[in-house]
Amino acid sequence: MLKKESIASKYNPMNNILLTGGAGFIGSHVVRLLVAKYHDYKIFNLDNLTYAGNLENLRDIEDKENYCFIKADITNTAEIDALFQKHQFDQVVHLAAESHVDRSITDPIGFAKTNIIGTLNLLEASKKLWASNYDGKLFYHISTDEVYGTLGKEGLFTETTPYDPNSPYSASKAGSDHFVRAYGETYGLPFVISNCSNNYGPNQFPEKLIPLFINNIIENKPLPVYGDGNYTRDWLYVLDHAKAIDLILHKGKVKETYNIGGFNEWKNIDLVKLLCAQMDVKLERAKGSSEKLITYVKDRPGHDLRYAIDASKINTELGWEPSVTFEQGLSRTIDWYLGNSEWLNHVTTGTYQEYYEKQYQ
Ligand code: NAD
Ligand code: DAU
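Anyway, here's the lowdown on the structure attached to this text. (Residues numbered from 1 in each chain as written. Chains lettered and ligands numbered in written order. Predicted model: local features only at pLDDT ≥ 70, side-chain atom pairs only at ≥ 80, totals over all residues. Heavy atoms only, no water.)

**A look at helix α1 (residues 25-37)**
Thinking step 1. Helix length check: α1 (13 residues) gives 19 Å between terminal C-alpha atoms against 18 Å at 1.5 Å per residue, within 8%.
Thinking step 2. Three or more residues of α1 are buried, namely Phe-25, Gly-27, Ser-28, His-29, Val-30, Val-31, Leu-33, Leu-34 and Val-35.
Thinking step 3. On the buried face of α1, the contacting elements are β1 (16-20), β2 (42-47), β3 (67-71), β7 (198-200) and α7 (238-251). (Helix = DSSP H or I, 4+ residues; strand = E, 2+ residues; numbered from the N terminus. Expected span 1.5 Å × (residues − 1). Buried < 20%, exposed > 50% of the residue type's maximum accessible area, 1.4 Å probe, protein only. Contact = heavy atoms within 4.5 Å.)

Set out below in structure tokens:
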């Protein structure tokens with residue numbers, strides 16, 4: 001049986017780290033942090049560049065000696081196995097996934113393939129490569145608070161909250177979490193899992209609430225608030241999530257779960273009003289002009305009422321806490337989108353328009 005033990009003692013400056021999904025939103029911030037901080041590591045970023053994967057997110061580090069990009073699909077069993085044999089990865093930080101709840105409602109099977117089968121392929125390849133010696137090896141699976149389902153008006157998700165996923169996305173992430181734990185129990189594979197709340201910040205694809213609304217305000221388009229807008233999320237600045245991942249990778253304990261959250265609950269409608277107020281100032285538009293774009297639209301099916309994380313375990317055991325307030329993080333995020341209009345133009349042309357028409361008509 002897999003014993004709980006410290007990962008930190010296994011620190012090895014010669015690590016080959018496989019990070020999956022590093023061309024996406026959170027992954028690109030984690031890759032940048034690891035590449036800058038651990039010069040002796042070799043960081044392999046494996047990503048098949050779906051609509052959400054964008055190498056423009058990593059232009060500033062693509063020539064670094066300790067960084068290597070691999071274009072590959074985690075659903076391809078043979079290809080993944082061959083890459084593990086070739087590069088002899090010591091540790092896996094697994095972020096690659098289909099990540100948008102609305103897309104999972106129209107393509108549940110695609111989500112099951114990527115999020116469950118893709119994770120299984122990585123687990124199998126890790127088990128095979130590491131079978132003879134698990135010393136210093138780690139499978140770090142990045143998951144979401146959505147696996148716990150929805151909260152009512154009170155309470156917080158803890159690491160022991162029972163799984164109760166409601167969307168095809170969260171069901172597929174829950175399935176992948178279960179498989180990771182099963183590989184730990186059955187084969188002794190050393191693993192750790194973290195479940196994080198809603199991230200926001202630079203480089204997020206404009207299908208998620210905050211970047212979608214920033215883009216629509218810039219373009220003077222309606223802001224489609226689902227239902228009555230009284231849904232609550234717990235928002236965390238993406239760089240704080242990246243720092244938590246670094247901490248868990250090096251100081252977390254094998255077989256543990258860590259919840260990560262912002263201690264920062266917002267009702268969607270209040271968040272949107274704050275965003276509108278900041279955008280009015282930054283775009284030098286009349287006070288209240290962005291709020292006029294708010295449009296209540298048909299609700300998301302199975303919409304979870306409230307997520308809120310109790311992050312006291314990672315706080316007390318590993319000393320992690322968010323470094324920015326929501327107002328600061330949101331302001332930095334808006335500045336990034338306003339300063340990167342080329343990035344925004346690139347990702348909002350072509351298939352984005354088709355997605356947008358279909359989702360919001
Ligand atoms: P994202 O959609 O921005 O990026 C996902 C990345 O995975 C993309 O680069 C994409 O190209 C890649 N990918 C998708 N399918 C792949 C495949 N078959 N093979 C290889 N690469 C593939 O996602 P994100 O928001 O950065 O989320 C990253 C991870 O963090 C996901 O596992 C998600 O479930 C989890 N998470 C996200 C949030 C959030 O608020 N965004 C919160 C908690 C947990
Ligand atoms: O909680 C963590 C999860 O947060 C991650 O695991 C997911 O990958 C990530 O997408 C996010 O899921 P949400 O569904 O909470 O995020 P999204 O930005 O899609 O929506 C946030 C809230 O805003 C939610 O209540 C739905 C609402 N919303 C969203 C969109 C896109 C709207 O009202 N209108 C919209 O157009």
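**Some words on the sheet that holds strand β10 (residues 257-260)**
Thinking step 1. Pairing is parallel in the open sheet, where 7 strands are placed in the order β3-β2-β1-β4-β5-β6-β10. Looking along the sheet, the strands with just one partner apiece sit at the ends: β3 and β10. The mean inter-strand angle of the sheet, taken between neighbouring strand axes irrespective of direction, is 20°.
Thinking step 2. By the bridge criterion, 4 bridges tie β1 to strand β4 (residues 91-94) in an arrangement that is parallel. Bridged to Ile-17 within β4 is Gln-91.
Thinking step 3. Its contacts with the sheet place helix α5 (residues 168-187) against β5 (138-144), β6 (191-196) and β10, and it is angled at close to 155° to β5.
Thinking step 4. Against the sheet, α7 touches β1, β4, β5, β6 and β10, its axis set at about 150° to β5. (Pairing = 2+ DSSP bridges. Axes fitted to C-alpha atoms, helices over the stretch in contact; angles between N-to-C directions.)

**A few points about the nonpolar core**
Thinking step 1. Of all hydrophobic cores here, the largest spans 41 residues; its most connected members are Leu-34, Val-93, Tyr-140, Ile-248, Ile-260 and Ile-314.
Thinking step 2. Formed by 34 residues, the second largest nonpolar core is a distinct cluster that contains Ile-214, Val-225, Tyr-226 and Ile-294. (Core = buried A, V, L, I, M, F, W, Y, C linked by side-chain atoms within 4.5 Å.)

**Focus on the pairing of β1**
Thinking step 1. Counting buried positions along β1 yields 5 of 5 residues, so the element is predominantly enclosed.
Thinking step 2. Burial along β1 is two-sided: the residues Asn-16, Leu-18 and Thr-20 and Ile-17 and Leu-19 are all buried.
Thinking step 3. Of the pairings in the sheet, the one linking β1 to β2 comprises 5 bridges and is parallel in character. The residue of β2 that forms the bridge with Thr-20 is Leu-46.

**Thoughts on the site of ligand 2**
Thinking step 1. In the neighbourhood of ligand 2, 25 residues make up the surrounding shell, with Thr-144, Asp-145, Tyr-169, Arg-300 and Tyr-360 lying closest.
Thinking step 2. At 2.5 Å, a side-chain N or O of Asp-145 approaches an oxygen atom of ligand 2.
Thinking step 3. Take Arg-233: an N or O atom from its side chain is 2.8 Å from an oxygen atom of ligand 2.
Thinking step 4. Out of a free accessible area of 690 Å², ligand 2 has 95% covered by protein chains.
Thinking step 5. Residues that form the shell around ligand 2 fall into these classes: 12 nonpolar, 7 polar and 6 charged. (Near = heavy atom within 4 Å. Polar contact = N/O pair within 3.5 Å; in protein donor to acceptor, adjacent residues only side chain to side chain. Areas by Shrake-Rupley, 256 points an atom, 1.4 Å probe, with all protein chains shown as cover. Nonpolar A, V, L, I, M, F, W, Y, C, P; charged D, E, K, R; others polar.)

**Things to note about α5**
Since the α-helix turns once every 3.6 residues, residues separated by three or four places project in the same direction.
Thinking step 1. Its 20 residues give α5 an end-to-end C-alpha distance of 28 Å, which sits within 8% of 28 Å, the value for a rise of 1.5 Å per residue.
Thinking step 2. Listed in full, the buried residues belonging to α5 are Tyr-169, Ser-170, Ser-172, Lys-173, Ala-174, Gly-175, Ser-176, Asp-177, Val-180, Tyr-183 and Gly-184.
Thinking step 3. Tucked inside the fold, the buried residues of α5 contact α3 (101-106), α4 (108-130), β5 and β6.
Thinking step 4. Note on α5: the residue one or two positions beyond its end, Gly-188, has a positive phi of about 75°.

**A look at the pattern of salt bridges**
Thinking step 1. The tally for this structure, following the rule as stated, stands at 14 salt bridges.
Thinking step 2. For Asp-90, the salt bridge is made with Lys-137, and the minimal N-O distance between the two is 2.9 Å. Remark: Lys-137 occurs in the loop between α4 and β5 and Asp-90 occurs in the loop between α2 (77-87) and β4; sequence separation between them is 47 residues.
Thinking step 3. Here the salt bridges do not stand alone but share partners, grouping Arg-103, Glu-207 and Lys-208 into one network. (Salt bridge = Lys/Arg side-chain N within 4 Å of Asp/Glu carboxyl O.)

**Some points on the side chain of Asp-102**
Thinking step 1. Note that Asp-102 resides in helix α3.
Thinking step 2. Classification of Asp-102 as buried rests on a relative accessible area of 5%.
Thinking step 3. In this structure, Asp-102 is in contact with Tyr-226, Arg-300, Tyr-355, Gln-359 and Tyr-360, ignoring residues within four places of it in sequence.

**Overview of the environment of His-94**
Thinking step 1. Secondary-structure assignment places His-94 in strand β4.
Thinking step 2. His-94 sits 28 residues away from Asn-66 along the chain, and the two C-alpha atoms are 19 Å apart.
Thinking step 3. Those residues in contact with His-94, other than ones at most four positions away along the chain, are Thr-20, Ile-74, Thr-119, Leu-122, Phe-139, Tyr-140, His-141 and Ile-142.
Thinking step 4. Among the polar contacts made by the side chain of His-94, one reaches the side chain of Thr-119 at a distance of 2.9 Å.

**Considerations on unusual backbone geometry**
Thinking step 1. The backbone of Leu-49 sits at a positive phi, close to 55°, despite the residue not being glycine.
Thinking step 2. Topologically, Leu-49 is positioned in the loop between β2 and β3.
Thinking step 3. With relative accessibility at 27%, the residue Leu-49 sits in the partly exposed group.

**Considering the site of ligand 1**
Thinking step 1. Around ligand 1, the structure places 28 residues, and the nearest of them are Ile-26, Asp-47, Ser-99, Tyr-169 and Lys-173.
Thinking step 2. Measuring from an oxygen atom of ligand 1, one finds a side-chain N or O atom of Ser-99 at 2.7 Å.
Thinking step 3. At a separation of 2.7 Å, an oxygen atom of ligand 1 approaches a polar side-chain atom of Lys-173.
Thinking step 4. Here ligand 1 has 830 Å² of accessible area as a free molecule, and 96% of this is covered by the chains.
Thinking step 5. Those elements that place two or more of their residues in the shell around ligand 1 are α1, β5, α5 and β7.
Thinking step 6. Looking at the shell around ligand 1 element by element, the count peaks at 3 residues for β5.

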